[in-house]
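Residues per chain are reported as follows:
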Amino acid sequence: MHIERPFGTPWTIELADEKLLLRAELPGARVFDLAADALRNARKRGLSRYERLVLALPASWLVNSPAISRVLKRWALQDDSDTWLALLSELETRGASFDTDAVALIAALGSEPYVVEAVSKVSALLEPDVVPLMPEPARRFILGEVASDGEAFVKMVNWFVSTTHAHEAELSRIAEAHEPVKLSAAQVLDRLLWFDSEGHRHFAPPKE
């Protein structure tokens, strides 16, 4: 599968099934996937967006979120939680004003240099078909740069959604074959992005 990247160089995905199985061996990654699936089910059962946000904040640490506990506490309190709820609403609806509003909302969540990564690791639990994990290696791998502001978040989201749609059939096939935990097509793309941008360092090269 050949994936287009904004800066022009294609990304070729190979041995997807093997890479996903290797990732599932990592305790934090496996529990993160279970948490995302549980939050998906909780949403279907009517758990409020705020309640799901509170559950997602500590779960984001499972994939090494750089947000310290004071930041998570701040995000759970009223002013920042209202900002979070507005951002999640924008991500869910992806309206015409998404770009401008998302940049402003992420800026309102903090000035920490890691804010884009930390926001993505919460958002990927709550809107997994819209937001990929965005640590620095993933942003560099896709964007060819390491921007750390709301515009980088928006660029990654727009790339992620359009790429998932373009390759949905193949990504869905891979998702259906992955037994350890339920994944959507978008989540498959996200996990493979992590593996190819940095996760491969944890493992010996997959066998051809």
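Higher on the page you've got the structure.
Definitions and cut-offs
- Residues numbered from 1 in each chain as written.
- Predicted model: local features only at pLDDT ≥ 70, side-chain atom pairs only at ≥ 80, totals over all residues.
- Heavy atoms only, no water.
- Buried < 20%, exposed > 50% of the residue type's maximum accessible area, 1.4 Å probe, protein only.
- Helix = DSSP H or I, 4+ residues; strand = E, 2+ residues; numbered from the N terminus.
- Phe/Tyr/Trp six-rings, centres within 6.5 Å; stacked < 30°, edge-to-face > 60°.
- Lys NZ or Arg CZ within 6 Å of the ring centre and 35° of its normal.
- Patch = residues over 30% accessible without salt bridge, like charges linked within 9 Å, V, L, I, M, F, W, Y side chains within 5 Å.
- Areas by Shrake-Rupley, 256 points an atom, 1.4 Å probe, with all protein chains shown as cover.
- Salt bridge = Lys/Arg side-chain N within 4 Å of Asp/Glu carboxyl O.
- 1 Å grid on protein atoms, 1.4 Å probe; cavity = no way out; pocket = protein on both sides within 12 Å on 5 of 7 lines; lining within 4 Å.
- Points joined across faces, edges and corners; volume = space filled by probe spheres on them.
- Contact = heavy atoms within 4.5 Å.
- Expected span 1.5 Å × (residues − 1).
- Axes fitted to C-alpha atoms, helices over the stretch in contact; angles between N-to-C directions.
- Parallel < 35°, antiparallel > 145°, perpendicular 65-115°, else oblique.
- Left-handed = near helix turned anticlockwise from the far one by under 90°.
- Nonpolar A, V, L, I, M, F, W, Y, C, P; charged D, E, K, R; others polar.

1. So, unusual backbone geometry
Item 1. Residue L15 is not a glycine yet carries a positive backbone phi of 55°.
Item 2. Classification of L15 by relative accessible area gives partly exposed; the value is 24%.
Item 3. Unusually for a residue other than glycine, N64 sits at a positive phi of about 60°.
Item 4. Checked against the element boundaries, N64 lands in the loop between α3 (49-59) and α4 (69-76).

2. Overview of the environment of E90
Item 1. The topology assignment puts E90 in helix α5 (residues 78-93).
Item 2. Residue classification places E90 among the buried positions, given a relative accessible area of 16%.
Item 3. Counting along the chain gives 38 residues from E90 to P128, while the straight-line C-alpha distance between them is 14 Å.

3. A look at the packing of aromatic side chains
Item 1. If you walk through the whole model with that rule in mind, you get 6 aromatic pairs.
Item 2. Ring centres of W11 and F141 lie 5.3 Å apart, and the angle between their planes is 85°; on these two criteria the pair is classed as edge-to-face. Placement of the pair is W11 in strand β2 (residues 11-12) and F141 in helix α8 (residues 136-143), with a sequence separation of 130 residues. Each member of the pair, W11 together with F141, is buried.
Item 3. Of the aromatic side chains, those joined through ring pairs into one cluster are W11, F141, W159 and F160.
Item 4. Across the ring face of F141, the terminal group of R5 is positioned such that the distance to the ring centre comes to 4.5 Å.

4. Brief notes about a nonpolar patch on the surface
Item 1. Among the surface-exposed residues, V31, L34 and L62 lie close enough to one another that they form a single nonpolar patch of about 220 Å² accessible area.
Item 2. On the secondary structure map, L34 appears in helix α2 (residues 27-44).

5. Digging into the layout of surface pockets
Item 1. Of the volumes computed, that of the largest pocket is approximately 260 Å³.
Item 2. Along the walls of the largest pocket sit 15 residues, with L62, V63, N64, W194 and H202 positioned nearest its centre.
Item 3. If you list the elements that add at least two residues to the lining of the largest pocket, you get α2 and α7 (115-126).

6. So, the side chain of T163
Item 1. Within the element layout of this structure, T163 appears in helix α9 (residues 150-166).
Item 2. Those residues within four positions of T163 in sequence are excluded, and the remaining contacts are I3, E4 and L189.

7. Looking at empty space enclosed by the protein
Item 1. Throughout the structure, instances matching the rule amount to 1 cavity of 30 Å³ or more.
Item 2. A volume near 30 Å³ is recorded for the largest cavity.
Item 3. Surrounding the largest cavity, L133, P135, A138, D190, L193, W194, S197 and E198 form its lining.
Item 4. With 4 residues, the top contributor of residues to the lining of the largest cavity is helix α11 (residues 185-197).

8. Some thoughts on α7
Item 1. Its 12 residues give α7 an end-to-end C-alpha distance of 17 Å, which sits within 8% of 16 Å, the value for a rise of 1.5 Å per residue.
Item 2. The buried count for α7 comes to 12 of 12 residues, which makes it a mostly enclosed element.
Item 3. Taken residue by residue, α7 has V115, V116, E117, A118, V119, S120, K121, V122, S123, A124, L125 and L126 as its buried positions.

9. Focus: the packing of α9 against α11
Item 1. The geometry of α9 relative to α11 is characterised by a closest axis approach of 9 Å and an angle of 120° between their N-to-C directions. By the criterion of interaxial angle, the relationship of α9 to α11 is oblique. As for the relative orientation of α9 and α11, their crossing is right-handed in sense. From α9, M156, W159, F160, T163 and T164 reach across to α11, where they touch A185, A186, L189, D190 and L193.
Item 2. A breakdown of the residues in the contact of α9 with α11 according to their chemical character gives 7 nonpolar, 2 polar and 1 charged.

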